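# Observations on the model geometry
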Amino acid sequence: MSPALSPRAFDRHHAQALAAALSLLALALVLYHSLAGGTLLSPNVYDSYLLQAQNWLEGRAYIEGGESRPWLELAVFEGRYYLSFPPVPSVLALLPAALGLSLGNLWQALWALAALAGVYLCFWRAGHAPRVCAFWALFATLSANFFWLACSGGVWFQAQVLNFAFTVWGLFFWLKKQHAPTFFLLALAVGCRPFTALFAVVLWLGAALGAAKERRWGRLAAFTAPPAAVALALGWYNFIRFGNPFEFGHSYLPEFVRDGGQFTLENFWQNLWNVLRPVTLTSSLELSFPTFNGFCLFVASPIFLLWAVDIVRAAAKKRLAPRDLLAPALALITLAALCLHRTMGGWQFGARYTVDHIPLALWWYLTRPRRPLGTGALWLAGAGALFNFYGAVHMLSH
């Protein structure tokens, strides 16, 4: 897959459409936090990244007093408590920590808006009209399981929203064929959600093979150095904490130490079923769905349903080249790897781990012939927005 379309000028029509899309997501977040009791400006008790940044500023790689925060997923290693997630979000939290701010939910909302803008600009860069760009920007965020994640500045949700934002902005620069910022941003995404490494490596290999074929070794070095620096920094940080450059800390979470590890084959089929479980209606026409370990990803994020239908249609019309199978293959491989995990995300609305796959769907559409927006696609976007707003509010009382 390679970018082929030229962007239209970013004129006032694009500016208006982007502003409209951003304002809709912002309004939805304000409405949600108003229903939650005015929590948009509130600190979040699950903001482990801010806590880590505060400890960094005091010269510690560990979390002082971690034993007094049992509600956080902190790793325990040699008697000390550590953040058990990749640390890139903590780097971003250094500024508010240094200023003594606890932005919490507002910080999360701002990153969600940045993610939406990234999606819009990707489709603008690929030459789409304003209304099409706005459709995909909203379909991937407000109308997807992403929205619930955007509502909370907790450690788990921050990692996924930032991963999404870094990935789509990386795609934006990839479409511009500016590979140094592309792979730097994708490396930062890996520092939020490690499984993004598969997508990053695939894109890097394509760029590296192209540079090698043209014998542009300086160019290859220029776009390889930034992600390599990020990888070395992440490995060094892991090593000084756990003596292993590949260990972020999850292996030392008490639940995994107690129950025999976090990835096992015996988890696969149950977890796969978890993200395919249907949403049903009771006899009184009340929605019924599980709130632990996920439910049907096609309902939680209708973009996956549209993607699956479009893949089948393209295959039936023999308009599916082998390269068009790369994005769905990466999504399936990553999903299979996630299904080996002990849980599929615990307490949640939707199938939150699968939000990490939305950029792969966007990549597929960005590199395919333009898709006309039919009534079905528009209906899915509207239904997705209603369902995910309902779900976010529903979880306030559950």
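Residue numbers here run from 1 along each chain, matching the order of that chain's written sequence. Local features in this predicted model are restricted to residues whose pLDDT is 70 or higher, and side-chain atom pairs enter the listing and the counts only when it is 80 or higher, whereas totals over whole chains, interfaces and linings include all residues. In computing side-chain properties, one takes all heavy atoms of the structure into account and sets aside hydrogens as well as water.

## Regarding the packing of aromatic side chains
Two aromatic rings, taken as a pair, are described by how far apart their centres are and by the angle between their planes. So the rule is basically this: Aromatic pairing here means that ring centres of Phe, Tyr or Trp (its six-membered ring) are within 6.5 Å. Orientation follows from the plane angle: under 30 degrees is stacked, over 60 is edge-to-face, and everything else is tilted. Helix numbering and strand numbering both begin at the N terminus, where a helix is a DSSP run of H or I of at least 4 residues and a strand a DSSP run of E of at least 2. Relative accessibility decides the category of a residue: with a 1.4 Å probe and only protein chains considered, values under 20% of the type maximum give buried, values over 50% give exposed, and everything between is partly exposed.
As enumerated under the stated definition, the model contains 36 aromatic pairs in all. Here the aromatic rings of phenylalanine 295 and phenylalanine 349 are separated by 5.3 Å at their centres, their planes lie at 80°, and the arrangement is edge-to-face. A residue pair is termed long-range when its members are at least 10 positions apart, and phenylalanine 295 in the loop between β4 (287-288) and α14 (297-300) and phenylalanine 349 in the loop between α16 (326-338) and α17 (358-366) qualify at 54 residues. Taken as a pair, phenylalanine 295 and phenylalanine 349 share a single burial class, namely buried. Aromatic rings pair up to connect Phe123, Phe135, Trp136, Phe139, Trp307, Trp364 and Tyr365 into one cluster.

## Notes on unusual backbone geometry
A positive phi is found at glutamate 78, a non-glycine position, where the angle reads about 50°. Structurally, glutamate 78 is set in the loop between β1 (74-77) and β2 (80-83).

## Let's talk about the packing of helix α8 (residues 155-175) against helix α9 (residues 179-190)
Rules: Helix axes are fitted only over the stretch in contact, all axes being lines through C-alpha atoms; the angle between N-to-C directions runs from 0 to 180 degrees. When an angle is under 35 degrees it counts as roughly parallel; over 145 it counts as roughly antiparallel; between 65 and 115 it counts as roughly perpendicular; any other value is oblique. Rotating anticlockwise by less than a right angle from the far helix to the near helix defines a left-handed crossing, while the corresponding clockwise rotation defines a right-handed one. Whether two residues are in contact is decided by their heavy atoms: any pair within 4.5 Å suffices.
Running from N to C, α8 and α9 cross one another at 165°; their axes reach a closest spacing of 8 Å. The angle between the axes of α8 and α9 places the two elements in the roughly antiparallel class. As for the relative orientation of α8 and α9, their crossing is left-handed in sense. When α8 is examined against α9, the residues Asn163, Phe166, Thr167, Trp169, Gly170, Phe173 and Trp174 are found in contact with a partner set consisting of His179, Pro181, Thr182, Leu185, Leu186, Leu188 and Ala189.

## Quick word on helix α1 (residues 12-35)
The cut-off we apply is this: By definition here, a helix of n residues has an expected span of 1.5 Å times n minus one. Polar contacts, as used here, are pairs of N or O atoms within 3.5 Å; protein pairs need one atom able to donate a hydrogen and one able to accept it. Residues neighboring in sequence count only if both atoms are side-chain atoms.
Given a rise of 1.5 Å per residue, 24 residues ought to cover 34 Å, and the 34 Å separating the end C-alpha atoms of α1 matches this to within 8%. Buried within α1 we find His14, Ala17, Leu18, Ala21, Leu25, Ala28, Leu29, Tyr32 and His33. Buried residues belonging to α1 abut α5 (105-125), α6 (130-139), α7 (146-150) and α18 (375-394). N-cap assignment for α1: the residue whose side-chain oxygen lies 3.1 Å from the backbone N of histidine 13 is aspartate 11. Directly beyond the C-terminal end of α1, a positive phi value near 105° is found at glycine 37.

## Things to note about the nonpolar core
Just so we agree on the cut-off: By convention a nonpolar core is built from buried Ala, Val, Leu, Ile, Met, Phe, Trp, Tyr and Cys residues, the set being connected through side-chain atoms within 4.5 Å.
Counting residues in hydrophobic clusters, the biggest one holds 113 residues, and the most contacted among them are Trp136, Phe164, Trp307 and Leu362. Here this core gets 15 residues from one element, more than from any other, and that element is α8. Residues within four places of phenylalanine 164 in sequence aside, it is in contact with Ala115, Val119, Ala140, Thr141, Phe146, Val355, Ile358, Pro359 and Leu362.

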